[in-house]
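# Residue-level structure breakdown
Each chain is listed here by its residues.
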Amino acid sequence: MIIRLCVVLAFVIQAQAATPVDLTLPDSELTPLVRVRVKNKILKVPLESYLMGVLPSEMSLSWPLEALKAQAVAARSFVLSQMQRRQSSNFDVESTHLDQVFRVEHLNYAGPYRKKLLQVLQETKGEVLLEPQKNVSASQIQKTYFHSDCGGSTETSFYVWRTQEPLLQVQDSSCPVSQHSKWEIKFSLKTLEEKLNLPGIKSLQVTTKTPSGRNGTILVLLNNGDKELFLADTFRKRLGFNKVKSTYFDLALQNGDYVFSGRGHGHGVGMCQWGARVLAQQGLEYKKILTHYFPLSRLENIKNIERPLYAGKL
Ligand SMILES: [Zn+2]
């Protein structure tokens, strides 16, 4: 299967289409085709091949095997969930952090971890997480968000995007664990005014906290007496996701600048990758890692799920 997919991949790399191009070979197995938008092109890539393009982009292949297997199931579930939700769209997923990172050059990955990557995909082939409390024939695939480092506790989707995904807040006593997940950044009032598009900022205040301890809302007071209230995730987006690495931060005024001191990296919803790495190092197998982050979901193979869940993609 993998060998044949590598043949398919040669076609993928050459694809020049502005509209979807079917890259399945006539004799290929029935497999969902992912419509992935790469810049202004839409490529149709068999599911497991698509995951070859995702895994090295989303988690270091040097990490423990069981963490990579958990990541593979999460990435597979995430894309199939998007396929369910975007059936009326002309593509299923972006190839960037807007969904999950996919790189065409990884499709034929030939680096030192090739054998390990193939093992990860083969040993989890077709496995996905399903939303809870539904029978298989009616199941929705879990939208398995993941992020870099939870900072100590994951977050529910409601407090980030105001969506109601069946995901719980879970604790990770080992986090923050990444060398980049304790961070500090300073903003001048002038920079804040530019980034927030608000002239005359007087002060910033954290007005609510979420149950996980992250900031929920940030109130910006202006010199003219006006106020602007931001959801913390929106506030973070305005200042730059790569600068304000999470909404787990304290604010302090120092010499007229605001210093943000934070922990964690990413939105905090779903699986914490650095936490998964720790759990794998402690000897947990991937199914238990997934259960830790998605305690309500259950593992299933897509061959047992009715085709209409990703209708039109077979
Ligand atoms: Zn964590």
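How each quantity is defined
- Residues numbered from 1 in each chain as written.
- Predicted model: local features only at pLDDT ≥ 70, side-chain atom pairs only at ≥ 80, totals over all residues.
- Buried ≥ 20, exposed ≤ 12 C-beta atoms within 10 Å, placed from the backbone.
- Helix = DSSP H or I, 4+ residues; strand = E, 2+ residues; numbered from the N terminus.
- Arc of directions from axis to C-beta.
- Contact = placed C-beta atoms within 7 Å.
- Pairing = 2+ DSSP bridges.
- Axes fitted to C-alpha atoms, helices over the stretch in contact; angles between N-to-C directions.
- pLDDT = per-residue confidence, 0-100.
- Core = buried A, V, L, I, M, F, W, Y, C linked by C-beta atoms within 7 Å.

## Some words on helix H9 (residues 286–293)
- Within H9, burial applies to Tyr-286, Ile-289, Leu-290 and Tyr-293. Seen along its axis, H9 keeps its buried residues to an arc of 100°; they face one direction.

## Some words on the environment of His-180
- Mapped onto the secondary structure, His-180 falls in the loop between helix H5 (158–161) and strand S6 (182–188).
- Judged by C-beta crowding, with 11 C-beta atoms within 10 Å, His-180 ranks as exposed.
- Each C-alpha atom, one on His-180 and one on His-265, is 7.6 Å from the other, the two residues being 85 residues apart in sequence.

## Observations regarding the environment of Ala-232
- Structurally, Ala-232 can be placed in helix H7 (residues 232–239).
- According to the C-beta neighbour criterion, Ala-232 is buried, with 24 such atoms within 10 Å.
- C-alpha separation for the pair Ala-232 and Arg-214, spaced 18 residues apart in sequence, amounts to 8.5 Å.
- Excluding anything up to four places from it in sequence, Ala-232 contacts Arg-214, Asn-215, Gly-216, Thr-217, Ile-218 and Thr-247.

## Concerning the sheet that holds strand S7 (residues 201–209)
- What the three strands build is an open sheet, ordered S7-S8-S9; its pairing is antiparallel. Only two strands of the sheet have a single neighbouring strand rather than two, namely S7 and strand S9 (227–231). Within this sheet the neighbouring strands show an average axis-to-axis angle of 20°, counted without direction.
- Pairing analysis gives five bridges linking strand S8 (residues 215–222) to S9, with the strands arranged antiparallel. If you follow Val-220 over to S9, its bridge partner there is Glu-228.

## A look at the confidence of the model for the protein chain
- Averaged over all residues, the pLDDT of the protein chain is 87; the fraction at 70 or higher stands at 85%.
- Low confidence marks residues 1–29, where pLDDT is under 50. Its contacts with residues over four positions away, or in another chain, come to 43 contacts.
- Counting contacts from residues 308–314, a segment whose pLDDT is below 50, to residues more than four positions away or on other chains yields 14 contacts.

## Observations regarding the pairing of strand S2 (residues 41–46)
- Pairing of strand S1 (residues 33–38) with S2, which is carried by six bridges, proceeds in the antiparallel orientation. For Val-38, the partnering residue across the bridge sits in S2 and is Lys-41.
- Hairpin remark: S1 followed by S2, antiparallel, with two residues in the connecting loop; positive phi at Lys-39, about 55°.

## So, the pairing of S1
- As defined by bridge partners, S1 adjoins strand S3 (residues 93–94) across two bridges and the pair is classed as parallel. Looking at the pairing, Val-36 lines up with Val-93 of S3.

## Things to note about the sheet that holds strand S11 (residues 257–263)
- Taken in spatial order, the three strands of this open sheet run S6-S11-S10, and their pairing is antiparallel. The open sheet has two edge strands, S6 and strand S10 (249–254), and neither has a second partner. Here the average twist between neighbouring strands, direction ignored, is 20°.
- When S10 meets S11, the two strands line up antiparallel, connected through six bridges. Each bridged residue has a counterpart across the sheet, and for Gln-254 the counterpart in S11 is Asp-257.
- Lying over the sheet, helix H6 (residues 189–196) contacts S6 and S11, oriented at roughly 90° with respect to S6.

## Description of unusual backbone geometry
- Cys-175 connects to Pro-176 through a cis peptide bond whose omega is 5°.
- On the secondary structure map, Pro-176 appears in the loop between H5 and S6.

## Things to note about the nonpolar core
- Counting residues in each nonpolar core, the largest one holds 54 residues, and the members touching the most others are Val-34, Tyr-50, Leu-51, Leu-55, Ala-70 and Ile-289.
- No other element matches helix H3 (residues 65–85), which puts eleven residues into this core.
- Dropping the residues within four chain positions of it, Tyr-50 is found in contact with Val-34, Val-36, Val-45, Val-79 and Phe-102.
- Grouped together as the second largest cluster of nonpolar side chains are eleven residues, Ile-218, Phe-230, Leu-239 and Tyr-248 included.

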